[in-house]
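Each chain is listed here by its residues.
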Amino acid sequence: MRFQWDWLCLGVLLISSVTAETENEENLDADVEVEDFDMQSQETEVDRDKPSIEVVYQTPVPTGEVYFTETFDGGLSGWVLSKTKKEDIDDNIAKYDGRWEVEELKENTVPGDRGLVLKSVAKHHAISAMLTKPFIFDDKPLIVQYEVNFQKGIDCGGAYIKLLSSSDDLNLEYFFDRTPYTIMFGPDKCGEDYKLHFIFRHKNPKTGEYDEKHAERPDVDLKKFYLDKKTHLYTLVLKPDDTFEMLIDQTVVSKGSLLENMVPPVNPSKEIEDPSDKKPDDWDERPKIPDPNAVKPDDWDEDEPSKIEDPDAVKPEGWLDDEPEYVPDPNAKKPKDWDEEMDGEWEAPQIPNPKCETAPGCGQWVRPMKNNPRYKGKWRAPMIDNPNYQGIWSPRKIPNPDYFEDLHPFKMTTVSAIGLELWSMTSDIYFDNFIICSEKEVADHWAADGWGLKKLVASANEPGMFSQLVTAAEDHPWLWVLYILTLALPVGLGVLFCWPAKKTDEYDFKKTDVSKQIRKGELKQEREEFEDDEIDEEKENEDTAEDERREMEETKREFLKDTKKMGREASLSEDEGEGGEDLDDDEEENEVADEEENEVADASQEEGGISNKSDSEDEKKEAEEGTGDHPLRSVRKRRVRKD
């Protein structure tokens, strides 16, 4: 199993290495020509505005048919500032006196790339320009695209554009909020309401009046596009099949149909409610009514209170009846500027009575309240189904006299100019690279030459992953716990499965095996004691061998005596039992006894010769065996020498 885990860990490391190498190769294969330079941290602190990469910027050039383009690299040529005033407001704020400038981005600057910047706060701004040629809503799509950067974020204000309707009396110097437009598109924000407008003015074919039709709100969260201080690309695509798409950074955030996803709808309903129809006076809309046959029970007392005093309650022991809950602060002093004639008599502020802190309570004791078991409240008759229920009344329907059906709302009023009419509480809103065309490829190529460079520079200047995580944790401290758990889990698993197992042999350690630190003098003393112990042990062994030899001789003599005694007793018993037996039996017994005596003598000599070499375990074994029934073992006793 351990072998398999080692291979698994090795495979994970190889996959990580290959992935990192692939990412490096992808970064090197960028379409834009990039020149790396020194990324040392010291140089970054010295010159923070210098981008981490150097890009070669060239003013974008359209690659197909266009109706309008603007990069602002050449200034404001062709743009007209409004000289009029807003209507129906105070003259002091009615003027369009907001200031515009053409300048580079403050952050993530692309050298040579400039844009239009709204500079004033809480002022009205209006600027416009004629299209290269009018756009006629016929059989070609309309694509409107431009860049916006809220360099200081946005509190309340918009960054939308208006495509002005073509007319003979269109004068850009008098461009203001009521100038007729065909389409309004772009971001807008006030408070916490983040919007992406798409509004078009639809002409009523019956009355000739124009009504604003608003696209339904996108389902995505738009907040980050307003607060991240990055340049974002806004694109509107209108198609002749009466469909639309709104994109941010070339990603669709909303799409739908001009016939189905506009508010209010382009085409009114065929029927409307009759404004002259009125609800009859006897129309009953009540689904339930009180039961008219119900009667209040006799024991129902409506006068019973919902709460009563608890009669079982007892005043806690130690309650201070004579002590008030609050007393004047003894440390308070009358202010020096206190004027009793103006301010009245000064009184010290009240503080909680210190004596009440250790007591159950102070002041007059009052019984606590409890729920009244006899309380029932006001009696009401139960509800039953209304037999006269007629449902919810609604006016009758009649044909809509203003009904019409426009099956192709894409055919809008021709557009001949573009304008920005804005009011903002935040300055330094950046606009750049406007384009109006009919081909998506043209708009995408235009975006790659402009917005693509800004995105590349911004990505290169972004802090590393670690810095972003630290920044996020500063705003949300609970993220530190998540970071720690995220790091601890793989580390713990790696240690558990990949760390080599340490094998240890099992030993039986004794207390005498524990090594101790011994000094030189102690070592010499122990050596001398050891030598003395060896000499004493040799002497003791010699004495022990001599004692054993003597013991063996004594045992041999005792054995011979016992054998002779047993032989005599046996012969006497035979003579008495059989009336005198042959003497040959006694001689045979004597011969056997002599043979056993010789064997015992030989065995004692051999044991005496090797007694010094036998260890304590053999001696213990012989001593234990000596407890048997054999006459020799019963008399042998040997002293076991202790080590």
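Being a predicted model, the structure only gives us computed values, none of them experimental.

Side note on the side chain of threonine 84
Mapping threonine 84 onto the fold places it in the loop between β4 (79-81) and α3 (91-94). The residues contacting threonine 84, other than those within four sequence positions of it, are Ala94, Lys95, Tyr96, Glu173, Tyr174, Phe175 and Phe176.

Notes on the environment of glutamine 151
Position of glutamine 151 relative to the elements: it lies in the loop between β8 (142-150) and β9 (156-158). The buried category is assigned to glutamine 151, whose relative accessible area is 10%. Those residues within four positions of glutamine 151 in sequence are excluded, and the remaining contacts are Leu105, Lys106, Val117, Lys229, Asp428 and Tyr430.

Quick notes on the pattern of salt bridges
A complete count under the given rule lists 29 salt bridges for this structure. With its nearest N and O atoms 3.9 Å apart, the salt bridge here joins lysine 411 to aspartate 138. Of the two residues, lysine 411 sits in the loop between β25 (397-399) and β26 (415-424) while aspartate 138 sits in the loop between β7 (123-135) and β8, which places them 273 residues apart along the sequence. Glutamate 421 is the salt-bridge partner of lysine 162, the closest N and O atoms lying 3.3 Å from each other. Here lysine 162, found in strand β10 (residues 161-165), pairs with glutamate 421, found in strand β26; they are 259 residues apart in sequence, far enough to count as distant. Three or more residues joined by partner-sharing salt bridges are found here, namely Lys86, Lys162, Asp177 and Glu421.

A short note on the state of the cysteines
Tallied over the full model, the rule gives two disulfides. A sulfur-sulfur separation of 2.1 Å characterises the disulfide bridge that pairs cysteine 156 with cysteine 190. The S-S bond linking cysteine 156 to cysteine 190 shows a torsion near -90°; that makes this disulfide left-handed. Of this pair, cysteine 156 sits in strand β9 while cysteine 190 sits in strand β11 (residues 181-190), and the two are 34 residues apart along the sequence. Owing to a relative accessible area of 18%, cysteine 156 belongs among the buried residues under this scheme. Classification of cysteine 190 as partly exposed rests on a relative accessible area of 43%. Linked covalently through their sulfurs, cysteine 356 and cysteine 362 form a disulfide whose S-S length is 1.8 Å. Residues cysteine 356 and cysteine 362 share a disulfide whose torsion about the S-S bond is about -125°; that sign makes it left-handed. According to the relative accessible area criterion, cysteine 362 is buried, its value standing at 5%.

Comments concerning the confidence of the model for the chain
Looking at the chain, the pLDDT average stands at 79 and 71% of residues meet or exceed 70. Within the model, pLDDT remains below 50 along residues 504-518, and this stretch shows three contacts once partners closer than five positions in the same chain are excluded.

Quick notes on the packing of aromatic side chains
Under the counting rule described, the total for this entry stands at 15 aromatic pairs. Ring centres of phenylalanine 137 and phenylalanine 410 lie 5.5 Å apart, and the angle between their planes is 80°; this geometry places the pair in the edge-to-face category. Of the two residues, phenylalanine 137 is situated in the loop between β7 and β8 and phenylalanine 410 in the loop between β25 and β26; the sequence distance between them amounts to 273 residues. Accessibility classification places phenylalanine 137 together with phenylalanine 410 in one group, the buried group. Ring geometry for phenylalanine 150 and tyrosine 226: centres 5.5 Å apart, planes at 20°, overall stacked. With phenylalanine 150 in strand β8 and tyrosine 226 in helix α4 (residues 223-227), this residue pair connects regions lying 76 residues apart in the sequence. As far as the burial class goes, phenylalanine 150 and tyrosine 226 line up, both buried. Counting every residue linked through ring pairs, the aromatic cluster contains Phe68, Phe72, Trp79, Tyr146, Phe185, Tyr234 and Phe434. Against the face of tyrosine 181 rests arginine 201, its NZ or CZ located 5.6 Å from the ring centre.

What counts, and where the lines are drawn
- Residues numbered from 1 in each chain as written.
- Predicted model: local features only at pLDDT ≥ 70, side-chain atom pairs only at ≥ 80, totals over all residues.
- Heavy atoms only, no water.
- Helix = DSSP H or I, 4+ residues; strand = E, 2+ residues; numbered from the N terminus.
- Contact = heavy atoms within 4.5 Å.
- Buried < 20%, exposed > 50% of the residue type's maximum accessible area, 1.4 Å probe, protein only.
- Salt bridge = Lys/Arg side-chain N within 4 Å of Asp/Glu carboxyl O.
- Disulfide = S-S within 2.5 Å.
- pLDDT = per-residue confidence, 0-100.
- Phe/Tyr/Trp six-rings, centres within 6.5 Å; stacked < 30°, edge-to-face > 60°.
- Lys NZ or Arg CZ within 6 Å of the ring centre and 35° of its normal.

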